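# Survey of secondary and tertiary structure
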Amino acid sequence: MSPCPKMIIIGHSSCSLLAAALCVLLMVGTAAFAPSRGLPSSTCRGSLCFPPLPSPLSSIMESSPVGVNGSHDSSPTTTEPAASAITTPKKVAILLCPAQFCVPADYSSFLASIKCSPHLPPNTCVVASRVAPLPRTEWIKVAKQLPTKKFIDATLDVQVTLDWYFDAIEEALAELFAQAGEDVEICLVGHSIGGWVARAYLGGLSGSSTAVHRLTKERITSLVTLGTPHISPSSALIDQTRGLLRQIASSPSCSSQSLTDRGVQITCVSSSGLQGNIFTTELEQIVAATSYLPLTGKYNTKGDGIVPTDLAFMEPPARKVEIQQCFKTKSPVRHAHVLPTPWNLVDGSAASWSLPDEFVWYGSEGVLSQWLPYVSLTYKD
């Protein structure tokens, strides 16, 4: 029997729901003119298959300690895959969960680069892709929580607050299942807020009982997060997620061990290339410090300019991959490739402002190769 197709959900976001709520509060006056949810992103056509990569990427690797630039601190345990696993290509479909205020149009080139990448796991073909259909106008729904006691007390409920995001995930999943078939295997990858929303969805915090959710739980094989804050520390000056991340992190069903016990392979990827500093003329270091300080109580820590590295890793047995720089340009790796435009409610699906090419992020050439091979390293007969 040939291997089942495989699906990836990729997510991306910043960690400040508080900032989003304050922002949408300012936009409420124009919300009546905002369009409803935009059209789903287009499907990548065709498929590309690549031969097995050289060892050690063609081997099965166990969960490892933090590695720098995609490497491992200790030698991995390897086992050669079964012959059937390396002769029949595995089919992959990709679902990307977008960042706060980002839209599907922001990720078209990113998905294309994944589909064409020679750094995919051995014998893997990307056959389709989607971005969860979230125009920036959907974030206005966060404003419903502003006047509540739970918002003030930082005890917001995940299911109630993020129901609209979970709906978008299921809408895109349904389209992929319809295209790829109900026997498709799912590999879920999250980027920033999309990472912990996806983690909550897998852990059942959406409260969903749909056929799509049940099928996803059966077919899930792995979770990869990129620049995702997984911890809400007590040292934080303010809880920017207003209790949402704390609920997810403390939920047994969302733990690394629980997901691993269900057969979900977890890899957390984070950049440590940007040091925060307020005693400098380097603007990027100052911006990083102002982001790190409220999240950790420290301004001089390292991260991707938005999310501190200390918060970006789940507990073992999750694999940890720390990236310091781009292999190609030697530049530090940043959180995102675009500057969201939350004020643009007239066209909620219009692309955000693109940052210059020299602003390297997790999806840039020279960075993608450091985490993409971990999308799937488990071979099944």
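Here's a quick rundown of the structure.

Mapping arginine 242 onto the fold places it in the loop between β6 (220-226) and α9 (244-250). Although arginine 242 lies buried, it forms no salt bridge, and the closest oppositely charged side chain, aspartate 239, sits 5.4 Å away as judged by the N-O distance.

Moving on to the pairing of strand β10 (residues 319-323). Counting buried residues in β10 gives 4 out of 5 residues, a clear majority hidden from the surface. Alignment of strand β7 (residues 265-271) against β10, held across 5 bridges, turns out to be parallel. Among the inter-strand pairings, cysteine 268 is bridged to a residue of β10, identified as lysine 320.

This paragraph deals with the packing of aromatic side chains. Taken as a whole and assessed by the stated rule, the structure comprises 8 aromatic pairs. Their ring planes at 75° and their centres at 4.9 Å tell us that tryptophan 139 and tryptophan 164 sit as a pair that is edge-to-face. On the criterion of sequence distance, the pair formed by tryptophan 139 in the loop between β4 (124-131) and α4 (149-153) and tryptophan 164 in helix α6 (residues 163-180) is long-range, its members being 25 residues apart. Overall, the relative accessible area of 2% leaves tryptophan 164 in the buried class. A ring pair is formed by tryptophan 139 and tyrosine 165, whose centres lie 6.3 Å apart and whose planes are at 85°; its orientation type is edge-to-face. Of this pair, tryptophan 139 sits in the loop between β4 and α4 while tyrosine 165 sits in helix α6, placing them 26 residues apart in sequence. Like tyrosine 165, tryptophan 139 is buried. Every member of this aromatic cluster is reached through a ring pair, and the members are Phe101, Trp139, Trp164 and Tyr165. Geometry around phenylalanine 151 places arginine 242 over its ring, the cationic atom sitting 5.3 Å from the centre. Above the plane of the ring of phenylalanine 359 lies arginine 334, whose end atom (NZ or CZ) is 4.7 Å from the centre.

This brings us to the environment of lysine 330. You can see lysine 330 is positioned in the loop between β10 and β11 (338-339). With 37 residues separating them in the primary sequence, lysine 330 and valine 367 have C-alpha atoms 9.9 Å apart.

Summarising burial for β6: 7 of the 7 residues are buried, a large majority. Sheet topology note: the strand β5 (residues 185-191)/β6 ladder contains 6 bridges and is parallel. By the bridge assignment, valine 189 is partnered in β6 with valine 224. By the bridge criterion, 5 bridges tie β6 to β7 in an arrangement that is parallel. Within β7, the position partnered with leucine 226 by the bridge is valine 269.

Quick look at the pattern of salt bridges now. Enumeration according to the criterion identifies 7 salt bridges in this entry. As a salt-bridge pair, lysine 328 and glutamate 365 come within 3.2 Å of each other at their nearest N and O atoms. Here lysine 328, found in the loop between β10 and β11, pairs with glutamate 365, found in the segment after β12 (353-354); they are 37 residues apart in sequence, far enough to count as distant. The exposed category is assigned to lysine 328, whose relative accessible area is 56%. The class for glutamate 365 is exposed, based on a relative accessible area of 59%.

Of all the positions in helix α3 (residues 108-115), only Phe110, Leu111, Ile114 and Lys115 are classed as buried. Down the axis of α3, the buried side of the element spans an arc of 135°, and every buried residue falls inside it.

On to the environment of arginine 214. Among the secondary structure elements, arginine 214 is positioned in helix α8 (residues 211-219). When the C-alpha atoms of arginine 214 and glycine 204 are compared, they prove to be 9.9 Å apart, with 10 residues separating the residues in sequence. There is a polar contact of 2.5 Å between the side chain of arginine 214 and the backbone oxygen of serine 209.

Okay, the nonpolar core next. Nonpolar side chains in soluble globular proteins tend to end up buried together. Judged by nonpolar contacts, the single largest core of 50 residues is most densely connected at Leu162, Tyr165 and Ile169. Of all the secondary structure elements, the ones that give two or more residues to this core are β3 (90-97), α6, β5, α7 (193-202), α8, β6, α9 and β7. The biggest single contributor to this core is α6, with 9 residues. Formed by 31 residues, the second largest nonpolar core is a distinct cluster that contains Val269, Val321, Val333 and Leu368.

Thresholds, definitions, all that
- Residues numbered from 1 in each chain as written.
- Predicted model: local features only at pLDDT ≥ 70, side-chain atom pairs only at ≥ 80, totals over all residues.
- Heavy atoms only, no water.
- Helix = DSSP H or I, 4+ residues; strand = E, 2+ residues; numbered from the N terminus.
- Buried < 20%, exposed > 50% of the residue type's maximum accessible area, 1.4 Å probe, protein only.
- Lys, Arg positive; Asp, Glu negative; His and termini not counted.
- Salt bridge = Lys/Arg side-chain N within 4 Å of Asp/Glu carboxyl O.
- Pairing = 2+ DSSP bridges.
- Phe/Tyr/Trp six-rings, centres within 6.5 Å; stacked < 30°, edge-to-face > 60°.
- Lys NZ or Arg CZ within 6 Å of the ring centre and 35° of its normal.
- Arc of directions from axis to C-beta.
- Polar contact = N/O pair within 3.5 Å; in protein donor to acceptor, adjacent residues only side chain to side chain.
- Core = buried A, V, L, I, M, F, W, Y, C linked by side-chain atoms within 4.5 Å.

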